[in-house]
Amino acid sequence: MSRYYVTTAINYPNGAPHIGHAYEAVATDWLARFARLDGRDVRFLTGTDEHGLKIAQAARAAGIDPRRYVDGMVERFVAMADRLAISRDRFIRTTDPDHVRAAQALWQRMADAGDLYLDRYAGWYSVRDEAFYAEEETIVQPDGTRVGPTGTPVAWMEEESWFFRLSRFTEPLLDLYARQPEFVQPASRLNEMRAFVERGLKDLSVSRTSFDWGVPVPGAPGHVMYVWVDALSNYLTGAGFPESGYERWWPADLHVIGKDIVRFHAVYWPAFLMSAGLPLPARIFGHGFVLYRGEKMSKSAGNVVEPLALAEHYGVDPFRFFLLRAIAFGQDGEWSHEAIVARVNAELANDLGNLAQRTLSMIAKAGGRVPAHGEAGPQEKALAERAGALLSTCRAAHAAVRPDLALEAIMDMVGHLNLYLSERAPWSLRKTDPAAADGVLRHAAEGIRRCAILLQPAMPERMARLLDLLGVPEDRREFKDLDTDLQTGAELPAPVGLFPRVEPPQPERETSQAV
RNA sequence: GGCGGGGUAGCUCAGCUGGUGAGAGCGCAGGAUUCAUAACCCUGAGGUCGCGGGUUCAAGUCCCGCCCCCGCUACCA
């Protein structure tokens, strides 16, 4: 049985989960659920990245210790995962004891390889921005004070730090990109990474002494790991590293991440692993952002919408469907209430929901049992051929990390099923040739069954209900069951609507009426 | 500035190595139908394929120039 270890990035819990977090979680959940239904042995990891200066400061500002602070914040991320039906096998926290051990074990391997050395990290530091700036980013003002790009004063700071010999990995990384171009996707991201590495790599500062909210560096009191060593190693922790048996899951098949952190995953991470003598993940996929009317959501723009509010309003599954279907995975996409309403009403209410409803209600009127197959004419054969190709199309989309393409193919099938009903008009056939009408309904029902099975990764709850309505046993809902027909004569429950039409929320009294 | 990607119907986008009248979905208009969630089905309107040159029997599809948009260009994650 083929194995599939897939991860999301871990989230920094210094604010509420937003639609971007939801998007990545839902997309990765689709990948994991798809692989499970396809009979693969799946491990799906998601979680939170809880160390670092910002968390420590936020906790201090709140007057509580960091651990209590993150406990409170992490709850919201777990709640989102629960509400959005994210089928993770583990929700990892970088504060988990086994993660601390894993990060330290990785560190030790890098140290043993001779790739870590103690030096000084120096640069222009802005206390207000909590950031170091390169010399050329700073400006000396007329009054002699030096300021950073944000206009805040900077001062020369030096700090003892452990460094990682990243420079040593320039050639190995370029080799990796050349030999395994699918390592970073989309391909445009690989190009960027290649260009970045080709400029040459400088060694990387990987520890800090200025704060202590982090994983202690083994054998170096006062040092905590720079957050990326800590954060990236979560993928190893999730596989069980360094305990024996971690090879069952490591290396990961796929890291799903946002396009903004591709460099850390496509450059630093493989370098760390190469240093540690560990195998590399098969693939890194950097997805795009979900924008609101072309802009990133921000508190100042006043357009922050909680993903759970959208799930609540439109339904979890329709919301998931929208995210997966409406955005080409890898590109930026936009959401708006109008876009969700249009997509959900057109494809879920009008097409899929109505298809199920019209088919099931005709069956109900004809006795409420799975009708017998009729003769397969040219239309039925064409339909069967189309249905038969669906799985391989979806598998290809899964392999390419393109849930949108899988859903497009399934919805195309839904469209053809509606067309099929219109052409064969079983409601008319019923009057002249009831057996033929039954046959048409049976063909339609089987087509719906296939679509429902393949749509489960996107809409687990609604498709479970649809499969219930079709009388598909719970142990006949995997991809290997696609060719297992319904049982003729089986009694079906009374049909109920699955996808009511949706409307945008009531506008909250626009303040820009007469501007 | 350097490197890379992109500008095609109102909207979101397909259009591989140049070749039958430039496409899809949504939206819009009309029609048909009534099994169904005012849904499904059919038809239609709508495009100087960013701008200007050039190569070619033939160019969204190749070449040159220009305009605009986006991404990357290391230690906040």
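Going by the structure above, here's the rest.
Computed from a predicted model, the values in this text were never measured in an experiment.

Asks: Explain the overall build of chain A here, please?
Replies: Assigned secondary structure in chain A consists of 17 helices and 16 strands. The buried share of chain A, reckoned over its 515 residues, is 52%. The long-range fraction of contacts in chain A, counting pairs at least 24 apart against all pairs at least 6 apart in sequence, stands at 78%. If you sum the accessible surface of chain A, you get close to 22700 Å²; carbon and sulfur atoms cover 50% of it. Looking at chain A, you have 57 positive and 68 negative side-chain charges, and the mean spots of the two groups are 3 Å apart.

Asks: What is the right way to read the protein's contact with RNA strand B from this model?
Replies: Contacts to RNA strand B come from 40 residues, most closely from Glu192, Lys202, Arg263, Asn354 and Phe499. In RNA strand B, the atoms that sit within 4 Å of the protein are 63% sugar and phosphate, with bases accounting for the remainder. At 3.4 Å, a side-chain N or O of Arg208 approaches a sugar or linking oxygen of RNA strand B. Between Phe499 and RNA strand B, the recorded distance is 2.7 Å, taken from a backbone N or O atom to a base nitrogen. Listing elements by their share of the surface near RNA strand B, those giving two or more residues are α6 (187-198), β10 (204-205), α7 (227-232), α9 (262-276), α12 (337-365) and α14 (403-424). Top element by residues in the surface near RNA strand B is α12. It accounts for ten residues.

Asks: When you look at the packing of helix α11 (residues 316-326) against α14 in this model, what are you seeing that I'm missing?
Replies: When two helices pack together, their arrangement is given by the angle between their axes and by how far apart the axes lie. At a minimum axis separation of 7 Å, α11 and α14 run at an interaxial angle of 105°. Of the possible angle classes, the one that applies to α11 and α14 is roughly perpendicular. Across the interface between the two elements, Phe321, Leu324 and Arg325 of α11 pack against Pro403, Asp404, Leu407, Glu408 and Met411 of α14. In terms of residue class, the contact of α11 with α14 is made up of five nonpolar, no polar and three charged.

Asks: Could you clarify how one ought to interpret the packing of α11 against helix α17 (residues 460-469) in this entry?
Replies: Two elements in contact, α11 and α17, have axes separated by 7 Å at closest approach and are oriented at 115°. Classified by the angle their axes make, α11 and α17 are roughly perpendicular. Together, Asp317, Pro318 and Arg320 of α11 and Pro460, Glu461 and Arg462 of α17 make up the contact between the two elements. In terms of residue class, the contact of α11 with α17 is made up of two nonpolar, no polar and four charged.

Asks: How should helix α16 (residues 434-455) be read in this particular structure?
Replies: In an α-helix, one turn spans 3.6 residues, which is why side chains three or four residues apart end up on the same side. If you check α16, its first and last C-alpha atoms are 31 Å apart, about what 22 residues at 1.5 Å a residue would give, namely 32 Å. Where burial is concerned, most of α16 is hidden: 18 out of the 22 residues are buried.

Asks: Sorry, what's going on with the side chain of Arg442 here?
Replies: Mapped onto the fold, Arg442 is located in helix α16. The exposure class of Arg442 is buried, given its relative accessible area of 1%. Other than its neighbours up to four places away in sequence, Arg442 contacts Val370, Pro371, Ala372, His373, Asp485, Leu486 and Thr488.

Asks: Sorry if this is basic, but what is going on with the environment of Arg501 here?
Replies: By the secondary structure assignment, Arg501 is in the segment after α17. In this structure, the C-alpha to C-alpha distance between Arg501 and Val256, residues 245 residues apart in sequence, is 32 Å. Excluding anything up to four places from it in sequence, Arg501 contacts Asn345, Ala349 and Asn350. A distance of 2.7 Å separates polar atoms of two side chains, one belonging to Arg501 and the other to Asn350.

Asks: Looking at this structure, how should I read the nonpolar core?
Replies: Inside soluble globular proteins, nonpolar side chains tend to come together where they are buried. Leu84, Leu352, Met459 and Leu466 are the most contacted members of the largest nonpolar core, which totals 92 residues. The element that contributes the greatest number of residues to this core is helix α1 (residues 19-37), accounting for twelve residues. Two domains each donate at least three residues to this core, and these are domain 1 (3-287) and domain 2 (336-481). If you look at the next biggest cluster of nonpolar residues, it comprises 58 residues, including Ile92, Tyr177, Leu190 and Val217.

What counts and how
- Residues numbered from 1 in each chain as written.
- Chains lettered and ligands numbered in written order.
- Predicted model: local features only at pLDDT ≥ 70, side-chain atom pairs only at ≥ 80, totals over all residues.
- Heavy atoms only, no water.
- Helix = DSSP H or I, 4+ residues; strand = E, 2+ residues; numbered from the N terminus.
- Buried < 20%, exposed > 50% of the residue type's maximum accessible area, 1.4 Å probe, protein only.
- Contact = heavy atoms within 4.5 Å.
- Areas by Shrake-Rupley, 256 points an atom, 1.4 Å probe, with all protein chains shown as cover.
- Lys, Arg positive; Asp, Glu negative; His and termini not counted.
- Charge placed at Lys NZ, Arg CZ, Asp CG, Glu CD.
- Near = heavy atom within 4 Å.
- Polar contact = N/O pair within 3.5 Å; in protein donor to acceptor, adjacent residues only side chain to side chain.
- Axes fitted to C-alpha atoms, helices over the stretch in contact; angles between N-to-C directions.
- Parallel < 35°, antiparallel > 145°, perpendicular 65-115°, else oblique.
- Nonpolar A, V, L, I, M, F, W, Y, C, P; charged D, E, K, R; others polar.
- Expected span 1.5 Å × (residues − 1).
- Core = buried A, V, L, I, M, F, W, Y, C linked by side-chain atoms within 4.5 Å.
- Domains from an automatic or database assignment.

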